[in-house]
Amino acid sequence: MFLLKTAAVVLLSIPLLLLGLVASSGLVVVDVKTSDGPRIVVPVPLFLARAALGFAPQEAREVEIPELGEYPEIASRLVAELRDCADGILVEVDDGDDHVLIEKVGDEIAIEVSSDDEEVSVRIPLAAASEILDSYDGSRLRVAGILDALSSSSSLSGTDLVHVRSENEEVKIWVW
Amino acid sequence: MNRTLLAVSLALTFAAIPLQAQTPWIHIEVDENEADASHVKVNLPLSVVQIALEAAPEKIVDHGKIRMNHIDEDLDVEDLRRMWNELRSAPDSELVTIQEKEETVSIRRQGDQILVEVDNRKDGDTVHVRVPVTVVDALFSGEGQELNLKGAISELKSLRGDIVRVDDGETKVRIWIDEKD
């Protein structure tokens, strides 16, 4: 009887533990809807992605961006300055066909692009951007640094990072 | 004791409000009049512009100084600097006036401001530029063919109101600085 109880507790604790890990480290959800196909939802627990990264080859653990060169320091200062400044529209372009809006909303930069047949919305959490820039080593960005930034930023919860809507397709990437 | 603490924290709170409100923002608005016209609005804190300037290619902007000969070979910054040094100490007056049949260009000093006005009667184009003397001073504080853009932006922080207004009949451009709270 005791053995059964122990087994039941162990079995119950596994999904609870996993749920706790997902809740504490976050979950990136990729949601793709097409007009004529199935809806595909891929939830990626960040703790799992981080664990998988340990087995990945070296080239998959880093993103080469040599063009960033000496700019991360400037970019970091820009991000810090933007975090300090008041909310408002930074850039708005309307050329009749397309409308582009870049706005500072709280600790995020929201980019909205809309045209006749497509709408794109991107949110850049400034805290996460700052952390990602900190992980740049002069030529490469560490993927682990990006995952850390995504999981540590509490402001990201429930945020649609990317939302693309066209006539036939809708793609949403959000963090939970 | 508690009252003193409350008074101090209240005073600090109210003291912080004007400081926060004094962040200067530069606004650029471009409006085209024609059908399918473009409308562009840019609003940025000057501090952000100053940092962004550092990201410009070194060939053109080095340590906040813009090398004009890479942009316009005909523009001689040294000549302009010499001219400015002659004109800057002039009292309030018309510094330059060019009157042609269809166009009048006037550059005049009014207090600590330099006003540039272009009026093209044929096309109806008008240009109004208002720049404080200290901004032009800072701009020409570079050496040789360099203009000190960083210094000029730094001086712009104390300016409020319209700097540039251009209306060429088809496009209206307005650049101004204010405080966004």
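Residues numbered from 1 in each chain as written. Chains lettered and ligands numbered in written order. Predicted model: local features only at pLDDT ≥ 70, side-chain atom pairs only at ≥ 80, totals over all residues. Heavy atoms only, no water.

K.L.:
Which residues make up the overall build of chain A, and what values do they have?
P.N.:
A tally of helices and strands in chain A yields six helices and 10 strands. When the 176 residues of chain A are sorted by exposure, 28% land in the buried category. Taking as baseline every contact in chain A between residues at least 6 positions apart, the subset at least 24 positions apart corresponds to 44%. Just so you have it, chain A exposes about 10,400 Å², and 63% of that area is on carbon and sulfur atoms. (Helix = DSSP H or I, 4+ residues; strand = E, 2+ residues; numbered from the N terminus. Buried < 20%, exposed > 50% of the residue type's maximum accessible area, 1.4 Å probe, protein only. Contact = heavy atoms within 4.5 Å. Areas by Shrake-Rupley, 256 points an atom, 1.4 Å probe, with all protein chains shown as cover.)

K.L.:
Describe the interface of chain A and chain B, with residues and values.
P.N.:
Residue-level contacts link 18 residues of chain A with 19 residues of chain B. Taking both partners together, chain A and chain B bury about 1,500 Å²; carbon and sulfur atoms supply 60% of that area. For the pair chain A and chain B, the interface holds one salt bridge. Counting the contacts that link chain A with chain B gives six residue pairs in polar contact (both at pLDDT 80 or more). Among the secondary structure elements, those contributing two or more residues to the side of chain A that touches chain B are helix 4 (71-84) and strand 4 (88-94) of chain A. (Buried area = accessible area lost by both parts, 1.4 Å probe. Salt bridge = Lys/Arg side-chain N within 4 Å of Asp/Glu carboxyl O. Polar contact = N/O pair within 3.5 Å; in protein donor to acceptor, adjacent residues only side chain to side chain.)

K.L.:
Tell me about the side chain of S106 of chain B, and name the residues and values.
P.N.:
Residues and elements named next belong to chain B. Structurally, S106 can be placed in strand 6 (residues 103-110). What makes S106 buried here is its relative accessible area of 9%. One polar contact links S106 to E94, side chain to side chain, over a distance of 3.1 Å. With residues near it in sequence (within four places) discarded, S106 still touches E94, V96, T97, L115, V116 and E117.

K.L.:
Mind laying out the packing of helix 2 (residues 46-53) of chain B against helix 5 (residues 149-156) of chain B, listing which residues take part and the relevant values?
P.N.:
All names here are of chain B. Running from N to C, helix 2 and helix 5 cross one another at 175°; their axes reach a closest spacing of 10 Å. Relative to helix 5, the element helix 2 is oriented roughly antiparallel. Of helix 5, the residues touching helix 2 (which contributes L46, V49, Q50 and L53) are L149, K150, I153, S154 and L156. The residue inventory of the contact of helix 2 with helix 5, partitioned by class, reads six nonpolar, two polar and one charged. (Axes fitted to C-alpha atoms, helices over the stretch in contact; angles between N-to-C directions. Parallel < 35°, antiparallel > 145°, perpendicular 65-115°, else oblique. Nonpolar A, V, L, I, M, F, W, Y, C, P; charged D, E, K, R; others polar.)

K.L.:
I'd love a proper account of the packing of helix 4 of chain A against helix 2 of chain B, names of residues and values included.
P.N.:
One way to put it is that helix 4 of chain A packs onto helix 2 of chain B with a least axis distance of 9 Å and a crossing angle of 175°. Relative to helix 2 of chain B, the element helix 4 of chain A lies roughly antiparallel. Listed contacts from helix 2 of chain B to I74, R77, L78, E81 and L82 of chain A of helix 4 of chain A are S47, V48, I51 and A52 of chain B. Grouping the amino acids of the contact of helix 4 of chain A with helix 2 of chain B by side-chain chemistry returns six nonpolar, one polar and two charged.

K.L.:
Explain the environment of L161 of chain A to me, using residue names and the numbers behind them.
P.N.:
Residues and elements named next belong to chain A. Within the secondary structure, L161 is located in strand 9 (residues 160-166). The exposure class of L161 is buried, given its relative accessible area of 12%. When the C-alpha positions of L161 and S121 are compared, they lie 7.9 Å apart, and in sequence the two are 40 residues distant.

K.L.:
Can you tell me about the nonpolar core, naming the residues and giving the values?
P.N.:
Soluble, globular proteins show a tendency: their nonpolar side chains are buried together. Residue and element names in this part refer to chain B. By size, the foremost hydrophobic cluster in this structure holds 23 residues, and its most contacted members are L46, W84, F140, L156, I163 and I177. For this core, the secondary structure elements donating two or more residues are helix 2, helix 3 (77-87), strand 8 (125-132), helix 4 (133-139), helix 5, strand 10 (161-167) and strand 11 (171-179). Apart from residues lying up to four places away in sequence, F140 is in contact with V77, L80, R81, W84 and L147. (Core = buried A, V, L, I, M, F, W, Y, C linked by side-chain atoms within 4.5 Å.)

K.L.:
Give me the pattern of salt bridges: which residues, what numbers.
P.N.:
A side chain with one charge may pair with a side chain of the opposite charge, provided their charged atoms come close. Residue and element names in this part refer to chain A. In the structure shown here, the tally under the stated rule is 17 salt bridges over all chains. One salt bridge in this structure joins E170 and K33, with 3.8 Å as the shortest N-O distance. Residue E170 is located in strand 10 (residues 169-175), and its partner K33 is located in strand 1 (residues 27-34); the two are separated by 137 residues in the primary sequence. According to the relative accessible area criterion, E170 is buried, its value standing at 18%. Residue class for K33 comes out partly exposed when judged on its relative accessible area of 34%. Two residues, E73 and R77, come together in a salt bridge whose shortest N-O distance is 3.2 Å. Of this pair, E73 and R77 are both found in helix 4, four residues apart, which corresponds to roughly one turn of the helix. In this structure, a network of salt bridges that share partners links the residues E62, E64, D137 and R140.

K.L.:
Provide a residue-level description of a nonpolar patch on the surface, including the pertinent values.
P.N.:
Residues and elements named next belong to chain A. Judged by side-chain polarity, I40, V42 and V44 come together as a nonpolar surface patch covering roughly 210 Å² of accessible area. By the secondary structure assignment, V44 is in strand 2 (residues 40-45). Assessed through its relative accessible area of 31%, V44 is described here as partly exposed. (Patch = residues over 30% accessible without salt bridge, like charges linked within 9 Å, V, L, I, M, F, W, Y side chains within 5 Å.)

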